[in-house]
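# Structural features, examined
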Amino acid sequence: MPVCAAENAGSEIITFDAPGADTAANDYNGTFPSSINDWGVITGYYIDSNDVYHGFLRAPGGKFTNFEVPGADTIAGSYAGTVPNSINDLGEVTGNYTDASGLTHGFLRSPEGRYTTFDVPGAVGYSNPLALNLEGAVVGTYINSKSEFHA
């Protein structure tokens, strides 16, 4: 019979909200963790009260680092910004960001906070990295000129 990871970890559940996250009732905003590495570092995004997406890292002790990909749209009401999807054990983060033109691009963030941004060749306005390995290889989806999704 499979054993739940929480049972192995002592059944401790930790809840949190990223600093800056909108926690008002019925706003459909808040904190959205997307990945955790073997060191216990969590990445994800939060939506603020202006409906802007921001990336975060949460260390095992609870310290937060909020971040924005350079070029991400942070204008109030844009429903755009930075959306991390995955973190590896080296602390590299990948995900997507939406710019002021409404185009979605991929990014890779180094543990030191340096960014590499990219579009998948053949993508038309949408590149979405979903995961990465220890070698920094990224996997995800994109949309081509016929509005078809591809890996």
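Rules used in this analysis
Residues numbered from 1 in each chain as written. Predicted model: local features only at pLDDT ≥ 70, side-chain atom pairs only at ≥ 80, totals over all residues. Heavy atoms only, no water. Pairing = 2+ DSSP bridges. Helix = DSSP H or I, 4+ residues; strand = E, 2+ residues; numbered from the N terminus. Core = buried A, V, L, I, M, F, W, Y, C linked by side-chain atoms within 4.5 Å. Buried < 20%, exposed > 50% of the residue type's maximum accessible area, 1.4 Å probe, protein only. Contact = heavy atoms within 4.5 Å. Polar contact = N/O pair within 3.5 Å; in protein donor to acceptor, adjacent residues only side chain to side chain. Salt bridge = Lys/Arg side-chain N within 4 Å of Asp/Glu carboxyl O.

## Observations regarding the sheet that holds strand S9 (residues 127–132)
Strand order across the open sheet formed by three strands is S9-S10-S11, with antiparallel pairing between neighbours. What marks the edges here is a single partner per strand, and that holds for S9 and strand S11 (149–150). In this structure, strand S10 (residues 138–143) lies alongside S11, joined through two bridges in antiparallel fashion. Paired with Ile 143 across the two strands is Phe 149, which belongs to S11.

## As for the nonpolar core
If you look at the biggest cluster of nonpolar residues, it comprises eight residues: Leu 57, Phe 67, Val 69, Ala 72, Ile 87, Val 93, Tyr 97 and Phe 107. Excluding residues within four positions of it along the chain, Leu 57 makes contact with Val 41, Ile 42, Thr 43, Lys 63, Phe 64, Thr 65, Phe 67, Ile 87, Val 93 and Arg 109. In terms of nonpolar packing, the next biggest core, distinct from the first, is built from five residues, Ala 21, Ile 42, Tyr 46 and Phe 56 among them.

## Here we look at unusual backbone geometry
In this structure, Tyr 79 takes a positive phi of about 50° despite not being glycine. Here Tyr 79 lies in the loop between strand S4 (64–67) and strand S5 (82–87). Taking the relative accessible area as the measure of exposure, Tyr 79 reaches 52% and is therefore exposed. Here Ser 147, not a glycine, exhibits a phi torsion of approximately 60°, which is positive. By the secondary structure assignment, Ser 147 is in the loop between S10 and S11.

## What about the environment of Trp 39?
Here Trp 39 shows up in the loop between strand S1 (30–36) and strand S2 (42–47). A residue is classified by how much of its surface remains accessible, and Trp 39, at 63% relative accessible area, is exposed. Taking the C-alpha atoms as reference points, Trp 39 and Leu 90, 51 residues apart in sequence, are found 9.1 Å from one another. Excluding residues that lie within four positions of it along the chain, Trp 39 makes contacts with Pro 60 and Asp 89. A polar atom in the side chain of Trp 39 sits 3.2 Å from the backbone oxygen of Asp 89.

## Structural notes on the pattern of salt bridges
The tally for this structure, following the rule as stated, stands at one salt bridge. A salt bridge links Arg 114 to Glu 112, with the nearest nitrogen and oxygen atoms 3.3 Å apart. Taking relative accessible area as the criterion, Glu 112 reaches 55% and is therefore assigned exposed.

## Notes on the environment of Val 69
Within the fold, Val 69 resides in the loop between S4 and S5. The exposure class assigned to Val 69 is buried, which follows from its relative accessible area of 2%. Taking the C-alpha atoms as reference points, Val 69 and Pro 111, separated by 42 residues in sequence, lie 14 Å from one another. The residues contacting Val 69, other than those within four sequence positions of it, are Thr 82, Tyr 97, Phe 107, Tyr 115 and Thr 117.

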